[in-house]
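The primary structure of each chain is shown beneath.
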Amino acid sequence: MNVGVEAAYEAFHHVILAVDLRWYGAAKADMPLHIVEDAIITIPIDTIETAIGLGNLSVNPSYIRAGLALRFVF
């Protein structure tokens, strides 16, 4: 989802001051962390993951953006 608002004000004859506020929304996700098998690792992967206590990585890609702009009209 993408929702936003913008306001512009003509500060001078050829200069516009603009303010922008936008919210980008996306679904949250939890992803389990795992060790990728490699030939250099000699210990079983399950033993390593249990020892270091890998959990989940929570991803929330939603954010808010605010902007301020000067626009020149020619």
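Residues numbered from 1 in each chain as written. Predicted model: local features only at pLDDT ≥ 70, side-chain atom pairs only at ≥ 80, totals over all residues. Heavy atoms only, no water.

> Where do I start with the sheet that holds strand E1 (residues 2-12) in this structure?
Strand-to-strand pairing in sheets goes through backbone hydrogen bonds, with the strands running parallel or antiparallel. Read across the open sheet, the three strands follow the order E1-E2-E5; overall the sheet is antiparallel. The open sheet has two edge strands with one neighbour each: E1 and strand E5 (63-72). Between one strand axis and the next, the sheet turns by 15 degrees as a mean value, whatever way the strands run. (Pairing = 2+ DSSP bridges. Helix = DSSP H or I, 4+ residues; strand = E, 2+ residues; numbered from the N terminus. Axes fitted to C-alpha atoms, helices over the stretch in contact; angles between N-to-C directions.)

> How do you make sense of the environment of Val3 when you look at a structure like this?
By the secondary structure assignment, Val3 is in strand E1. Along the chain, Val3 and Val36 lie 33 residues apart, while their C-alpha atoms are 38 Å from each other. For Val3, the contacting residues outside a window of four places in its chain are Leu21, Arg22 and Trp23. (Contact = heavy atoms within 4.5 Å.)

> Can you help me understand the pairing of E5 in this one?
Regular strands place their side chains on alternate faces of the sheet. Of all 10 residues in E5, zero are buried, a share of ten percent or less. Sheet topology places strand E2 (residues 15-24) next to E5; 10 bridges connect them, and they run antiparallel. Bridging from a neighbouring strand, Asp20 pairs with Gly67 of E5. (Buried < 20%, exposed > 50% of the residue type's maximum accessible area, 1.4 Å probe, protein only.)

> Mind showing me how you'd approach the pattern of salt bridges here?
Summed over the entire model, instances satisfying the criterion amount to two salt bridges. For the salt bridge of Arg71 with Glu6, the shortest nitrogen-to-oxygen distance reads 2.9 Å. With Arg71 in strand E5 and Glu6 in strand E1, this pair connects stretches of sequence that are 65 residues apart. Residue Arg65 is joined to Asp20 by a salt bridge in which the shortest nitrogen-to-oxygen separation is 2.2 Å. Of this pair, Arg65 sits in strand E5 while Asp20 sits in strand E2, and the two are 45 residues apart along the sequence. (Salt bridge = Lys/Arg side-chain N within 4 Å of Asp/Glu carboxyl O.)

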